[in-house]
Amino acid sequence: MGRIVYVNGDYVDEAEARVSIFDRGFLMADGVYEVTSVLDGKILDYPGHAARLARSLSELDMTPPVSDDELLAIFREMVERNKLVDGMIYLQVTRGNPGDRDFAFPDPEKVSPTLILFTQSKPGLADSPAAKSGLKVISVPEMRWNRRDIKTTQLLYPSMAKMMAKKAGVDDAWLVEDGMVTEGTSNNAYIVKDGAIITRNLSNDILHGITRAAVLRFAREAQMKVEERSFSIDEAQAADEAFITSASSFVTPVIEIDGTAVGTGKPGPVAGRLREIYLEESRKTAI
Ligand code: PDD
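Residues numbered from 1 in each chain as written. Predicted model: local features only at pLDDT ≥ 70, side-chain atom pairs only at ≥ 80, totals over all residues. Heavy atoms only, no water.

Turning to the site of the ligand, a few remarks are in order. Residues in contact with the ligand amount to 18 residues; listed here are only the nearest, Tyr33, Arg52, Glu183, Thr211 and Ala247. One of the backbone nitrogen or oxygen atoms of serine 186 is found 3.2 Å away from a nitrogen atom of the ligand. Contact between the ligand and threonine 211: an oxygen atom at 2.6 Å from a side-chain N or O atom of the residue. Summarising the interface, the protein chains cover 89% of the accessible area of the ligand, which totals 480 Å² for the free molecule. Placement of the ligand is best described as lying within the largest pocket. Listed by contribution, the elements that provide at least two residues to the shell around the ligand are β3 (31–39), α6 (210–221) and β13 (241–246). Taken together, the residues that form the shell around the ligand break down as 5 nonpolar, 9 polar and 4 charged. (Near = heavy atom within 4 Å. Polar contact = N/O pair within 3.5 Å; in protein donor to acceptor, adjacent residues only side chain to side chain. Areas by Shrake-Rupley, 256 points an atom, 1.4 Å probe, with all protein chains shown as cover. 1 Å grid on protein atoms, 1.4 Å probe; cavity = no way out; pocket = protein on both sides within 12 Å on 5 of 7 lines; lining within 4 Å. Sits in = over half its atoms within 2 Å of the grid points. Helix = DSSP H or I, 4+ residues; strand = E, 2+ residues; numbered from the N terminus. Nonpolar A, V, L, I, M, F, W, Y, C, P; charged D, E, K, R; others polar.)

Have a look at this one:
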(Lines give C-alpha, C1' and ligand atoms only; values in the text may rest on other atoms or scores of the structure.)
Protein backbone atom coordinates (compact mmCIF):
# COMPACT_ATOMS: atom_id res chain seq x y z
CA MET A 1 0.00 0.00 0.00
CA GLY A 2 1.26 3.46 -0.86
CA ARG A 3 0.45 6.79 0.67
CA ILE A 4 -3.07 7.60 1.73
CA VAL A 5 -4.15 10.66 -0.24
CA TYR A 6 -7.27 12.80 0.01
CA VAL A 7 -9.61 13.38 -2.93
CA ASN A 8 -12.87 15.30 -2.48
CA GLY A 9 -13.85 13.89 0.90
CA ASP A 10 -12.27 10.44 0.57
CA TYR A 11 -9.04 9.05 1.98
CA VAL A 12 -7.76 6.52 -0.55
CA ASP A 13 -4.60 4.67 -1.49
CA GLU A 14 -2.56 6.81 -3.92
CA ALA A 15 -3.00 4.15 -6.63
CA GLU A 16 -6.79 4.45 -6.36
CA ALA A 17 -7.01 8.27 -6.48
CA ARG A 18 -8.93 9.63 -9.48
CA VAL A 19 -9.52 13.12 -10.88
CA SER A 20 -11.33 13.71 -14.18
CA ILE A 21 -9.37 14.54 -17.34
CA PHE A 22 -11.82 17.47 -17.70
CA ASP A 23 -10.73 18.95 -14.38
CA ARG A 24 -9.75 22.60 -14.95
CA GLY A 25 -6.64 22.07 -12.87
CA PHE A 26 -5.44 19.59 -15.49
CA LEU A 27 -6.63 21.43 -18.63
CA MET A 28 -6.13 25.10 -17.63
CA ALA A 29 -3.82 25.13 -14.57
CA ASP A 30 -6.93 26.67 -12.97
CA GLY A 31 -5.99 25.86 -9.43
CA VAL A 32 -4.16 27.04 -6.35
CA TYR A 33 -2.00 25.18 -3.86
CA GLU A 34 -0.25 25.29 -0.51
CA VAL A 35 2.79 23.45 0.81
CA THR A 36 2.88 23.20 4.61
CA SER A 37 5.69 21.63 6.61
CA VAL A 38 5.32 19.06 9.35
CA LEU A 39 7.99 18.59 12.03
CA ASP A 40 7.68 15.93 14.73
CA GLY A 41 4.17 15.18 13.46
CA LYS A 42 3.02 18.80 13.98
CA ILE A 43 1.86 21.28 11.35
CA LEU A 44 3.85 24.51 11.05
CA ASP A 45 2.18 27.88 10.58
CA TYR A 46 -1.29 26.48 9.78
CA PRO A 47 -3.14 29.82 10.21
CA GLY A 48 -0.78 31.53 7.74
CA HIS A 49 -1.25 28.86 5.07
CA ALA A 50 -5.03 28.75 5.58
CA ALA A 51 -5.23 32.55 5.27
CA ARG A 52 -3.15 32.62 2.08
CA LEU A 53 -5.23 29.80 0.57
CA ALA A 54 -8.40 31.80 1.29
CA ARG A 55 -6.85 34.85 -0.38
CA SER A 56 -5.68 32.91 -3.48
CA LEU A 57 -9.19 31.42 -3.86
CA SER A 58 -10.90 34.76 -3.40
CA GLU A 59 -8.63 36.52 -5.95
CA LEU A 60 -9.69 33.90 -8.52
CA ASP A 61 -13.42 33.89 -7.55
CA MET A 62 -13.16 30.29 -6.43
CA THR A 63 -15.30 28.81 -3.67
CA PRO A 64 -13.45 27.39 -0.65
CA PRO A 65 -14.24 23.67 -0.70
CA VAL A 66 -14.17 23.33 3.12
CA SER A 67 -13.91 25.62 6.15
CA ASP A 68 -10.57 26.37 7.85
CA ASP A 69 -11.47 24.07 10.76
CA GLU A 70 -12.48 21.24 8.43
CA LEU A 71 -9.24 21.70 6.52
CA LEU A 72 -7.20 21.52 9.71
CA ALA A 73 -8.99 18.27 10.60
CA ILE A 74 -8.09 16.91 7.12
CA PHE A 75 -4.44 17.96 7.58
CA ARG A 76 -4.33 16.15 10.93
CA GLU A 77 -5.97 13.07 9.51
CA MET A 78 -3.39 13.03 6.69
CA VAL A 79 -0.51 13.24 9.18
CA GLU A 80 -2.08 10.48 11.25
CA ARG A 81 -2.97 8.11 8.39
CA ASN A 82 0.46 8.49 6.78
CA LYS A 83 2.35 8.41 10.10
CA LEU A 84 4.09 11.56 8.91
CA VAL A 85 6.86 12.71 11.25
CA ASP A 86 8.90 15.17 9.15
CA GLY A 87 7.82 16.31 5.70
CA MET A 88 5.21 18.29 3.86
CA ILE A 89 1.50 18.35 3.19
CA TYR A 90 0.63 19.38 -0.37
CA LEU A 91 -2.87 20.75 -0.93
CA GLN A 92 -4.47 21.75 -4.22
CA VAL A 93 -7.86 23.26 -4.99
CA THR A 94 -9.01 23.52 -8.60
CA ARG A 95 -12.13 25.00 -10.17
CA GLY A 96 -13.34 21.45 -10.67
CA ASN A 97 -14.69 19.37 -13.50
CA PRO A 98 -17.23 21.06 -15.81
CA GLY A 99 -17.44 17.88 -17.93
CA ASP A 100 -15.84 19.46 -21.01
CA ARG A 101 -13.22 22.02 -22.06
CA ASP A 102 -14.29 25.67 -22.06
CA PHE A 103 -12.31 28.86 -21.38
CA ALA A 104 -15.20 30.42 -19.47
CA PHE A 105 -15.40 29.57 -15.77
CA PRO A 106 -18.22 27.14 -14.96
CA ASP A 107 -21.07 28.25 -12.68
CA PRO A 108 -19.80 27.59 -9.13
CA GLU A 109 -23.37 26.61 -8.15
CA LYS A 110 -23.16 23.71 -10.61
CA VAL A 111 -19.48 22.72 -10.52
CA SER A 112 -17.81 22.23 -7.17
CA PRO A 113 -14.07 22.67 -6.65
CA THR A 114 -11.72 19.70 -6.53
CA LEU A 115 -9.73 19.34 -3.31
CA ILE A 116 -6.76 16.98 -3.15
CA LEU A 117 -4.02 16.52 -0.57
CA PHE A 118 -1.00 14.27 -0.28
CA THR A 119 1.93 14.03 2.09
CA GLN A 120 5.66 13.91 1.33
CA SER A 121 7.86 12.29 3.93
CA LYS A 122 11.28 13.98 4.42
CA PRO A 123 12.99 12.46 7.43
CA GLY A 124 15.35 14.99 9.02
CA LEU A 125 13.77 17.89 7.09
CA ALA A 126 15.06 20.43 9.62
CA ASP A 127 18.68 19.19 9.24
CA SER A 128 18.99 19.39 5.46
CA PRO A 129 22.55 19.35 4.11
CA ALA A 130 21.80 22.54 2.10
CA ALA A 131 21.46 24.48 5.35
CA LYS A 132 25.11 23.68 6.10
CA SER A 133 26.59 23.82 2.61
CA GLY A 134 24.54 26.71 1.20
CA LEU A 135 23.06 26.99 -2.30
CA LYS A 136 24.45 28.25 -5.57
CA VAL A 137 22.07 30.19 -7.79
CA ILE A 138 22.04 31.77 -11.23
CA SER A 139 19.90 34.68 -12.38
CA VAL A 140 17.38 34.16 -15.17
CA PRO A 141 14.83 36.54 -16.71
CA GLU A 142 11.47 36.78 -14.92
CA MET A 143 8.91 35.44 -17.37
CA ARG A 144 5.94 34.49 -15.19
CA TRP A 145 2.56 36.23 -15.31
CA ASN A 146 1.89 39.37 -13.26
CA ARG A 147 -0.18 37.87 -10.43
CA ARG A 148 2.61 36.04 -8.64
CA ASP A 149 0.91 36.92 -5.34
CA ILE A 150 -1.64 34.18 -6.10
CA LYS A 151 -0.24 30.72 -5.43
CA THR A 152 -1.44 29.08 -8.65
CA THR A 153 -0.41 25.73 -10.09
CA GLN A 154 0.97 27.42 -13.24
CA LEU A 155 4.51 26.28 -12.47
CA LEU A 156 5.89 25.68 -15.95
CA TYR A 157 8.23 28.68 -16.05
CA PRO A 158 9.56 28.12 -12.52
CA SER A 159 10.21 24.49 -13.58
CA MET A 160 12.04 25.71 -16.70
CA ALA A 161 14.11 28.11 -14.58
CA LYS A 162 14.96 25.25 -12.22
CA MET A 163 16.12 23.20 -15.23
CA MET A 164 18.28 26.14 -16.43
CA ALA A 165 19.90 26.12 -12.98
CA LYS A 166 20.46 22.36 -13.09
CA LYS A 167 21.98 22.64 -16.55
CA ALA A 168 24.33 25.35 -15.25
CA GLY A 169 25.39 22.97 -12.46
CA VAL A 170 23.81 25.00 -9.64
CA ASP A 171 20.91 24.57 -7.24
CA ASP A 172 18.34 27.20 -8.14
CA ALA A 173 17.55 30.37 -10.07
CA TRP A 174 16.66 33.89 -8.97
CA LEU A 175 14.27 35.67 -11.32
CA VAL A 176 15.15 39.18 -12.49
CA GLU A 177 12.75 41.80 -13.84
CA ASP A 178 13.74 45.36 -14.80
CA GLY A 179 17.18 44.73 -13.32
CA MET A 180 15.80 43.71 -9.92
CA VAL A 181 15.40 40.29 -8.28
CA THR A 182 11.78 39.29 -7.75
CA GLU A 183 12.25 35.93 -5.93
CA GLY A 184 13.55 32.38 -6.40
CA THR A 185 11.77 29.70 -8.45
CA SER A 186 9.97 28.47 -5.32
CA ASN A 187 11.20 30.70 -2.51
CA ASN A 188 11.67 34.32 -1.43
CA ALA A 189 15.12 35.90 -1.88
CA TYR A 190 17.12 37.98 0.63
CA ILE A 191 20.48 39.64 1.06
CA VAL A 192 22.23 40.93 4.17
CA LYS A 193 24.37 44.08 4.10
CA ASP A 194 25.95 45.73 7.15
CA GLY A 195 23.57 43.77 9.38
CA ALA A 196 20.40 44.78 7.50
CA ILE A 197 18.15 42.08 6.06
CA ILE A 198 16.94 43.19 2.64
CA THR A 199 14.08 41.52 0.75
CA ARG A 200 11.67 42.66 -1.94
CA ASN A 201 8.55 44.45 -0.71
CA LEU A 202 5.16 42.77 -1.04
CA SER A 203 3.21 43.42 -4.26
CA ASN A 204 1.73 41.37 -7.12
CA ASP A 205 5.34 40.76 -8.25
CA ILE A 206 6.09 38.06 -5.66
CA LEU A 207 4.42 35.37 -3.62
CA HIS A 208 3.69 36.60 -0.11
CA GLY A 209 5.69 33.87 1.60
CA ILE A 210 4.35 32.57 4.90
CA THR A 211 7.93 31.83 5.96
CA ARG A 212 8.93 35.35 4.84
CA ALA A 213 6.29 36.92 7.12
CA ALA A 214 7.39 34.81 10.09
CA VAL A 215 11.14 35.35 9.53
CA LEU A 216 10.76 39.14 9.18
CA ARG A 217 8.62 39.23 12.35
CA PHE A 218 11.22 37.23 14.30
CA ALA A 219 14.06 39.37 12.89
CA ARG A 220 12.33 42.57 14.02
CA GLU A 221 11.59 41.07 17.44
CA ALA A 222 15.32 40.25 17.72
CA GLN A 223 16.08 43.96 16.98
CA MET A 224 17.58 43.12 13.58
CA LYS A 225 17.19 45.75 10.86
CA VAL A 226 14.82 44.84 8.01
CA GLU A 227 14.53 46.70 4.70
CA GLU A 228 11.68 45.68 2.39
CA ARG A 229 12.86 46.87 -1.03
CA SER A 230 14.13 45.59 -4.37
CA PHE A 231 17.77 44.72 -4.96
CA SER A 232 19.80 43.90 -8.08
CA ILE A 233 22.08 40.95 -8.80
CA ASP A 234 25.10 43.33 -8.55
CA GLU A 235 24.01 44.40 -5.07
CA ALA A 236 23.42 40.77 -4.08
CA GLN A 237 26.89 39.73 -5.29
CA ALA A 238 28.41 42.53 -3.20
CA ALA A 239 26.33 41.66 -0.11
CA ASP A 240 27.69 40.09 3.09
CA GLU A 241 25.21 37.19 2.90
CA ALA A 242 22.28 35.92 0.88
CA PHE A 243 19.55 33.40 1.67
CA ILE A 244 16.13 32.11 0.71
CA THR A 245 13.01 31.16 2.66
CA SER A 246 10.16 28.78 1.96
CA ALA A 247 7.91 26.43 3.91
CA SER A 248 9.98 23.42 2.85
CA SER A 249 13.50 24.91 3.11
CA PHE A 250 12.88 27.25 6.09
CA VAL A 251 15.90 29.61 5.92
CA THR A 252 18.68 28.34 3.62
CA PRO A 253 21.89 30.25 2.83
CA VAL A 254 22.92 31.20 -0.71
CA ILE A 255 26.70 31.25 -1.16
CA GLU A 256 27.13 31.98 -4.86
CA ILE A 257 25.23 34.05 -7.43
CA ASP A 258 26.09 33.80 -11.15
CA GLY A 259 29.50 32.31 -10.29
CA THR A 260 30.42 35.04 -7.78
CA ALA A 261 30.87 34.09 -4.13
CA VAL A 262 28.66 36.05 -1.74
CA GLY A 263 30.60 37.38 1.27
CA THR A 264 33.01 34.70 2.45
CA GLY A 265 31.47 32.14 0.08
CA LYS A 266 30.24 30.20 3.14
CA PRO A 267 26.86 30.21 4.93
CA GLY A 268 26.68 33.41 6.97
CA PRO A 269 25.82 34.05 10.64
CA VAL A 270 22.62 36.05 10.01
CA ALA A 271 21.05 33.31 7.87
CA GLY A 272 22.18 30.73 10.45
CA ARG A 273 20.65 32.66 13.33
CA LEU A 274 17.38 33.29 11.46
CA ARG A 275 17.10 29.61 10.63
CA GLU A 276 17.56 28.71 14.28
CA ILE A 277 15.03 31.29 15.49
CA TYR A 278 12.53 30.31 12.79
CA LEU A 279 12.73 26.59 13.62
CA GLU A 280 12.56 27.19 17.36
CA GLU A 281 9.64 29.63 17.24
CA SER A 282 7.58 27.79 14.63
CA ARG A 283 7.96 24.50 16.49
CA LYS A 284 6.44 26.29 19.51
CA THR A 285 3.29 27.26 17.60
CA ALA A 286 3.06 24.02 15.55
CA ILE A 287 -0.27 22.23 15.99
N1 PDD B 1 6.96 27.38 -2.75
N2 PDD B 1 7.91 32.26 -3.80
C3 PDD B 1 7.48 31.27 -4.60
C4 PDD B 1 7.43 31.51 -6.06
C5 PDD B 1 7.10 30.02 -4.05
O6 PDD B 1 6.68 29.04 -4.86
C7 PDD B 1 7.22 29.83 -2.65
C8 PDD B 1 6.82 28.54 -1.98
C9 PDD B 1 7.68 30.90 -1.85
C10 PDD B 1 7.79 30.80 -0.35
O11 PDD B 1 6.52 30.81 0.25
P12 PDD B 1 6.27 30.05 1.63
O13 PDD B 1 7.24 30.61 2.60
O14 PDD B 1 4.87 30.40 1.98
O15 PDD B 1 6.49 28.58 1.39
C16 PDD B 1 8.01 32.10 -2.46
C17 PDD B 1 6.52 26.11 -2.24
C18 PDD B 1 7.28 25.66 -1.03
C19 PDD B 1 6.54 25.09 -3.38
O20 PDD B 1 6.10 25.47 -4.45
O21 PDD B 1 6.95 23.94 -3.18
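This is not the end of the story, as more comes after the structure.
This part covers the layout of surface pockets. Within this model, the largest pocket holds a volume of roughly 1100 Å³. Lining the largest pocket are 44 residues, with Tyr33, Lys151, Thr185, Ser186 and Asn187 sitting closest to its centre. The set of elements that each furnish at least two residues to the lining of the largest pocket consists of β3, α2 (46–59), β5 (87–94), α5 (156–167), β9 (180–184), α6 and β13. Per element, the largest residue contribution to the lining of the largest pocket is 5 residues, and it comes from α5. (Points joined across faces, edges and corners; volume = space filled by probe spheres on them.)

Membership of the largest hydrophobic core comes to 31 residues, with the highest contact counts inside it found for Leu39, Ile197, Phe243, Phe250, Val251, Leu274 and Tyr278. Broken down by secondary-structure element, the contributors of at least two residues to this core are β1 (4–7), β3, β5, β10 (188–193), α6, β14 (250–257) and α8 (269–285). Examining the composition of this core, we find that 6 residues originate from one element, α8, more than from any other. Both domains that meet at this core, namely domain 1 (4–124) and domain 2 (129–285), each give it at least three residues. With residues up to four places along the chain from it excluded, the contact list for tyrosine 278 reads Leu44, Asp45, Thr211, Ala214, Val215, Phe218, Phe250 and Val251. Counting 23 residues, the second largest nonpolar core, distinct from the first, contains Ile43, Ile74, Leu91 and Leu115. (Core = buried A, V, L, I, M, F, W, Y, C linked by side-chain atoms within 4.5 Å. Buried < 20%, exposed > 50% of the residue type's maximum accessible area, 1.4 Å probe, protein only. Domains from an automatic or database assignment. Contact = heavy atoms within 4.5 Å.)

In strand β11 (residues 196–199), alternate side chains face the same way, and those of Ala196 and Ile198 on one face and Ile197 and Thr199 on the other are all buried. In this structure, β10 lies alongside β11, joined through 4 bridges in antiparallel fashion. Following the sheet pairing, valine 192 is matched in β11 by isoleucine 197. What sits between the antiparallel neighbours β10 and β11 is a turn of 2 residues, in which aspartate 194 has the positive phi angle 50°. Pairing of β11 with strand β12 (residues 225–228) involves 4 bridges; the strand directions are parallel. Within β12, the position partnered with isoleucine 198 by the bridge is glutamate 227. Between β11 and its parallel partner β12, the chain crosses via α6, and the hand of that crossover is right-handed. (Pairing = 2+ DSSP bridges. Right-handed = clockwise from strand over helix to strand, strands pointing away.)

On to a nonpolar patch on the surface. A contiguous nonpolar patch, built from Ile21, Phe22, Phe26 and Leu27 and spanning about 400 Å² of accessible area, is present on the exposed surface. Within the fold, isoleucine 21 resides in the loop between β2 (10–13) and α1 (24–28). (Patch = residues over 30% accessible without salt bridge, like charges linked within 9 Å, V, L, I, M, F, W, Y side chains within 5 Å. Salt bridge = Lys/Arg side-chain N within 4 Å of Asp/Glu carboxyl O.)

So, to be careful, I would describe these as geometric facts and stop short of saying anything about function.
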